[in-house]
Amino acid sequence: QPIKLLGLCGSLRKASNSLAVIRTLAESLPGHIHMPLFPLHDIPPYNADLDGDLCPDEVRKLKQAIGDCQGLVLCSPEYNYGISGVLKNALDWASRPSMNSPLKGKPALIMTSSPSFAGGVRAQVQIRETLTACLSRPLNRAQVVVNHANDKVKDGKLTDQPSIDFMLAAIDDLVAEIRLVEGA
Ligand code: FNR
């Protein structure tokens, strides 16, 4: 049975390490697990006046994609010890209506990357809190961090095999959580 994941990247820059990490993961997945990425470049800043009937098309597509997937994979840098504004903004849009949003009950794997030693791990606390507020189900497991990312990413690819293996083990946990949620 194919598994449908959705990848979101918290950095918009072309040469993003976080993008390289999540793209490499997508390419390393076993054949039955699909993880398209939804780029967040065209998601406007959250505006409650536009939430509802006036919802921008791109936001509608994002919410549809989140609703259609079985699990989310987020990969983000840490900005000033916290969640990237790009990711927070996307999650804020996706979080409405608050008790019945496409994020509700959705298993989610959090990953961070950073050129630093800490690998962006401090942002994970805030990402987890946001997902919890959205009634999503962030995975409880050892955090996936890619530290020293500038050394591990080359030509848009993550080249560090231990990091790739660690991410694939996290995907196994995500799939187990999906099966639990879906009662399979
Ligand atoms: C950073 N960076 C950073 N790194 C980190 O480990 N902890 C931090 O708190 C911050 N804070 C921070 C704030 C701002 C505004 C910027 C622009 C950068 C460095 C950051 O990890 C680095 O630029 C990454 O390469 C960005 O991620 P992508 O774009 O490579 O995915």
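Computed from a prediction, not measured in an experiment: that's the story for all the values here. (Residues numbered from 1 in each chain as written. Predicted model: local features only at pLDDT ≥ 70, side-chain atom pairs only at ≥ 80, totals over all residues.)

Draft legend 1. The environment of Tyr79, seen in detail. Checked against the element boundaries, Tyr79 lands in the loop between strand 3 (71-76) and helix 3 (85-94). Overall, Tyr79 belongs to the partly exposed group, with 17 C-beta atoms counted inside 10 Å. Expressed as a C-alpha distance, the spacing of Tyr79 and Thr159, which sit 80 residues apart in the sequence, is 24 Å. (Helix = DSSP H or I, 4+ residues; strand = E, 2+ residues; numbered from the N terminus. Buried ≥ 20, exposed ≤ 12 C-beta atoms within 10 Å, placed from the backbone.)

Draft legend 2. Molecular detail of the site of the ligand. The immediate surroundings of the ligand are formed by 16 residues, with Ser11, Asn17, Ser18, Pro77 and Ser114 found nearest. For the shell around the ligand, the residue count by class is five nonpolar, nine polar and two charged. (Near = placed C-beta within 6 Å. Nonpolar A, V, L, I, M, F, W, Y, C, P; charged D, E, K, R; others polar.)

Draft legend 3. Local environment of the UniProt feature "domain: NADPH-dependent FMN reductase-like" (unreviewed entry) in the chain. Here, the residues flagged by UniProt with the feature "domain: NADPH-dependent FMN reductase-like" (unreviewed entry) are residues 3-150. Helix makes up 33% of residues 3-150 and strand makes up 18%, while its end C-alpha atoms are separated by 31 Å. (UniProt positions renumbered as here; feature names shortened; annotations may be inferred.)

Draft legend 4. Fine view of the pairing of strand 4 (residues 107-113). Within strand 4, seven of the seven residues are buried, which leaves the element mostly enclosed by the surrounding structure. Along strand 4, one buried face is formed by Pro107, Leu109, Met111 and Ser113 and the opposite face, lined by Ala108, Ile110 and Thr112, is buried too. As judged from the five bridges shared by strand 3 and strand 4, these two strands associate in the parallel manner. Note that in strand 4 the partner of Cys75 across the bridge is Met111. (Pairing = 2+ DSSP bridges.)

Draft legend 5. Summary view of helix 2 (residues 57-68). Taking 1.5 Å per residue, 12 residues should reach 16 Å; helix 2 reaches 16 Å between its end C-alpha atoms and fits that length. Every buried residue belonging to helix 2 is among Val59, Leu62 and Ile66, and all of these are buried. Taken end-on, helix 2 shows its buried residues confined to a sector of 60 degrees, consistent with a single buried face. Residues of helix 2 that are exposed and angled more than 90 degrees away from the buried face: Asp57, Arg60, Gln64 and Asp68. Buried residues along helix 2 sit against strand 1 (3-9), strand 3 and helix 3. (Expected span 1.5 Å × (residues − 1). Arc of directions from axis to C-beta. Contact = placed C-beta atoms within 7 Å.)

Draft legend 6. Structural detail: the packing of helix 2 against helix 3. It is at 9 Å that the axes of helix 2 and helix 3 come closest, and there the two elements cross at 80 degrees. The orientation of helix 2 with respect to helix 3, classified from their angle, is roughly perpendicular. Packed against helix 2, whose contacting residues are Val59, Leu62, Lys63 and Ile66, the element helix 3 presents Ala90, Trp93 and Ala94 at the interface. (Axes fitted to C-alpha atoms, helices over the stretch in contact; angles between N-to-C directions. Parallel < 35°, antiparallel > 145°, perpendicular 65-115°, else oblique.)

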